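As a plain string of letters, each chain reads:
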Amino acid sequence: GSAKRPNDQFMWQCFGPWDFKHRTKVSRIHPDNCRILGAASHDYLYKPLDPELAQPYYPFDVVDTPTVLIAPTWHYGEVFSHWGNDRDLFPRLIEHISNQGANIILRLHDSFRFDKQYRTFLDSLADTYDNVMLKYKDQNPDNLLDLQISDMLITNFSSIANLFYATGRPTIHIYPVKSADEEFLWRNQTFAGVYKKRVNSAKFIWKLSPEKHGGLLANDFKELTGLVDHAIANPDCCRTKAKDFLRRYMIEPDGQNCERTWNALVELVEGAEKPQYHPTELLEMGT
């Protein structure tokens, strides 16, 4: 059935009142089909995790050594193509972070989105540097632990940033294109391919402009490395800005997002009836 009319077989998760407004006014989903639930993972991300619990899942020290999570989206093709060449700039970034005494989790989107030569290049980075762990989304879909143990996120506006903000730790955003009006992968392959038409500007696609974020913004490679140094030396530099972003565009973490999400799922599947089991009971049962 249609999402644009009241439909008890369909429900859309909204991250907050602003997202609700965007989905109903811009995406034109009927308000009856939307629920303001927040992001379930925020219930875990806004509270520190004992890194000792995570240590068995990483090949390097995550207890006493800072960890930088690099998690770009695939929409814009190569991460640094608008600044140069990934085969030049990625090793330089890794060297710079390594010289600061930090580990790196390099988390990419689905491996099939990249050509074989590019995957071989990424594999070589992980093979060359002992402090680099490479993950692809289709092979390692759960990113929660990476988010919990990372001391910093670097991304070109992947949606993963909206989750990491809940930690209050630094997020460095790579301005994703030279200009919002230039050609890039998502517009060429996704929008034009699916909808059979073109758009003149990335501004049409973005929910928010890159200037609206919860951390730091790098407009060139030199600025990026400088912000890495700043974030390592000042781990609380983005805490206030991240909190303000969540308050404005999502829901400030309150520990109730999982409960809201569960109740919405029960409503969708079982109607007004109460569920047979509560989520914590399912966990205890090993389900």
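This structure is a prediction, so every number in the text was calculated from the model and none was measured.

Draft legend 1. Unusual backbone geometry, seen in detail. Non-glycine residue Arg28 carries a positive phi angle of around 65°. Structurally, the position occupied by Arg28 is in the loop between helix H1 (17–25) and strand S2 (34–36). In the Ramachandran plot, Phe157 falls in the positive-phi region, its phi being about 70° despite a non-glycine side chain.

Draft legend 2. Structural view of the nonpolar core. Ranked by internal contacts, the top residues of the largest apolar core, which has 34 residues, are Phe90, Leu122, Ile154 and Ile172. The residues contacting Ile154, other than those within four sequence positions of it, are Val68, Leu69, Ile70, Ala71, Ile97, Ile172, Ile174, Leu224 and Val228. Counting residues in hydrophobic clusters, the runner-up holds 24 residues, among them Phe60, Val62, Leu153 and Tyr165.

Draft legend 3. Expanded view of the pattern of salt bridges. For the structure shown, the criterion picks out 11 salt bridges. Residue Arg239 pairs with Asp236 through a salt bridge whose shortest N-O separation is 3.0 Å. Arg239 gets classed as partly exposed once you look at its relative accessible area, which sits at 40%. Here Arg247 and Glu252 are joined by a salt bridge, their closest N and O atoms 3.3 Å apart. Exposure remark for Arg247: the relative accessible area of 46% places this residue in the partly exposed category.

Draft legend 4. Helix H11 (residues 257–270), seen in detail. For H11, built from 14 residues, the straight-helix expectation of 20 Å at 1.5 Å per residue is met to within 8% by its first-to-last C-alpha distance of 20 Å. Those residues of H11 that are buried lie in contact with helix H2 (42–45). Positive phi appears at Gly271, one or two residues downstream of H11, with a value of about 70°.

Draft legend 5. Region of interest: the sheet that holds strand S5 (residues 132–136). Within the open sheet, the six strands sit side by side as S5-S4-S3-S6-S7-S8. Their pairing is parallel. Edge positions in the open sheet fall to S5 and strand S8 (216–218), since each of these has one partner strand only. The average angle at which neighbouring strand axes cross in this sheet is 20°, direction not considered. In terms of strand pairing, strand S4 (residues 103–108) meets S5 through five bridges, oriented parallel. Residue pairing for S5: Ile104 is matched across the bridge by Val132. Each of strand S3 (67–70), S4, S5 and strand S6 (152–155) is contacted by helix H4 (residues 86–99), which is oriented at about 145° to S4, the strand it contacts most. Each of S6, strand S7 (171–174) and S8 touches helix H9 (residues 221–233); the most contacted strand, S8, lies at about 155° to it.

Draft legend 6. Here's a closer look at the pairing of S5. Summarising burial for S5: five of the five residues are buried, a large majority. Residues Val132, Leu134 and Tyr136 line one face of S5 and the alternating positions Met133 and Lys135 line the opposite face, and both faces are buried.

Draft legend 7. Looking closely at the state of the cysteines. For the structure shown, the criterion picks out zero disulfides. Cysteine Cys238 is unpaired, with the sulfur of Cys237 as its nearest cysteine sulfur at 3.7 Å. A relative accessible area of 1% places Cys238 in the buried class.

Draft legend 8. Inspection of the packing of H4 against H9 at higher detail. Relative to each other, H4 and H9 sit at 20°, their axes nearing to 10 Å. Relative to H9, H4 is oriented roughly parallel. Our pair here, H4 against H9, has a crossing hand that is right-handed. The residues of H9 that touch H4, namely those facing Leu89, Arg92, Leu93, His96 and Ile97, are Phe221, Leu224, Thr225, Val228 and Asp229. Partitioning the contact of H4 with H9 into residue classes produces six nonpolar, two polar and two charged.

About the cut-offs
- Residues numbered from 1 in each chain as written.
- Predicted model: local features only at pLDDT ≥ 70, side-chain atom pairs only at ≥ 80, totals over all residues.
- Heavy atoms only, no water.
- Helix = DSSP H or I, 4+ residues; strand = E, 2+ residues; numbered from the N terminus.
- Core = buried A, V, L, I, M, F, W, Y, C linked by side-chain atoms within 4.5 Å.
- Buried < 20%, exposed > 50% of the residue type's maximum accessible area, 1.4 Å probe, protein only.
- Contact = heavy atoms within 4.5 Å.
- Salt bridge = Lys/Arg side-chain N within 4 Å of Asp/Glu carboxyl O.
- Expected span 1.5 Å × (residues − 1).
- Pairing = 2+ DSSP bridges.
- Axes fitted to C-alpha atoms, helices over the stretch in contact; angles between N-to-C directions.
- Disulfide = S-S within 2.5 Å.
- Parallel < 35°, antiparallel > 145°, perpendicular 65-115°, else oblique.
- Left-handed = near helix turned anticlockwise from the far one by under 90°.
- Nonpolar A, V, L, I, M, F, W, Y, C, P; charged D, E, K, R; others polar.

These values are about where atoms sit, not about what they do.
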